[in-house]
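In case you want the letters, here they are:
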Amino acid sequence: MTMIVFGIVALVIIVFLIVFNVRAAGKRRKNAEEAPQEVSEPQHREAPGPEQTTQKRKRDPLKMEDDTYRQALRQFQTGSKKKPTRHISDEDYRKALRKMKREE
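None of these values were measured; they are calculated from a predicted model. (Residues numbered from 1 in each chain as written. Predicted model: local features only at pLDDT ≥ 70, side-chain atom pairs only at ≥ 80, totals over all residues. Heavy atoms only, no water.)

## A closer look at the overall build of the protein chain
So, point 1. What the protein chain contains, in helices and strands, is four helices and zero strands.
So, point 2. Moving toward the C terminus, one meets the helices and strands of the protein chain in the order α-α-α-α.
So, point 3. Burial statistics for the protein chain: of 104 residues in total, 0% are counted as buried. (Helix = DSSP H or I, 4+ residues; strand = E, 2+ residues; numbered from the N terminus. Buried < 20%, exposed > 50% of the residue type's maximum accessible area, 1.4 Å probe, protein only.)

## What about the packing of aromatic side chains?
So, point 1. Enumeration over the complete set of coordinates arrives at one aromatic pair.
So, point 2. Pairing F16 with F20 gives two aromatic rings, centres 6.3 Å apart and planes at 20°, and the pair type is stacked. In this pair, F16 and F20 both sit in helix α1 (residues 2-38), four residues apart, roughly one turn of the helix. (Phe/Tyr/Trp six-rings, centres within 6.5 Å; stacked < 30°, edge-to-face > 60°.)

## Notes on the pattern of salt bridges
So, point 1. Throughout the structure, instances matching the rule amount to one salt bridge.
So, point 2. Between R70 and D66 there is a salt bridge whose closest N-O contact spans 3.2 Å. With R70 and D66 both in helix α3 (residues 66-79) and four residues apart, this pair spans about one turn of that helix. (Salt bridge = Lys/Arg side-chain N within 4 Å of Asp/Glu carboxyl O.)

## Side note on the confidence of the model for the protein chain
So, point 1. Chain-level pLDDT for the protein chain is 76 on average; 65% of the residues reach the 70-or-more range.
So, point 2. Across the protein chain, the secondary-structure element scoring lowest on mean pLDDT is helix α2 (residues 50-56), at 54, and the one scoring highest is helix α4 (residues 90-103), at 90. (pLDDT = per-residue confidence, 0-100.)

This is the structure:
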């Protein structure tokens, strides 16, 4: 009995999804057909400068802007030349190990 109820519910859900998708596709087709009629002549717009595009976009704190990214890359390139050098000669390393063994 419960299987029949689940089957009926599943059929109702499937029919609802089909109807919903058909209506949405019909609206998209209607909008696509109307769009070319509205545009009579191509509009020539100048490309906005980088300052204008960054001001128009919503600022997301997790996304890095282009200028900030480039500045970080420059700092990384200049900072990567100076690597911290902390080399210990083999003899000093062995002495340190022997000292640690004695302390235990």
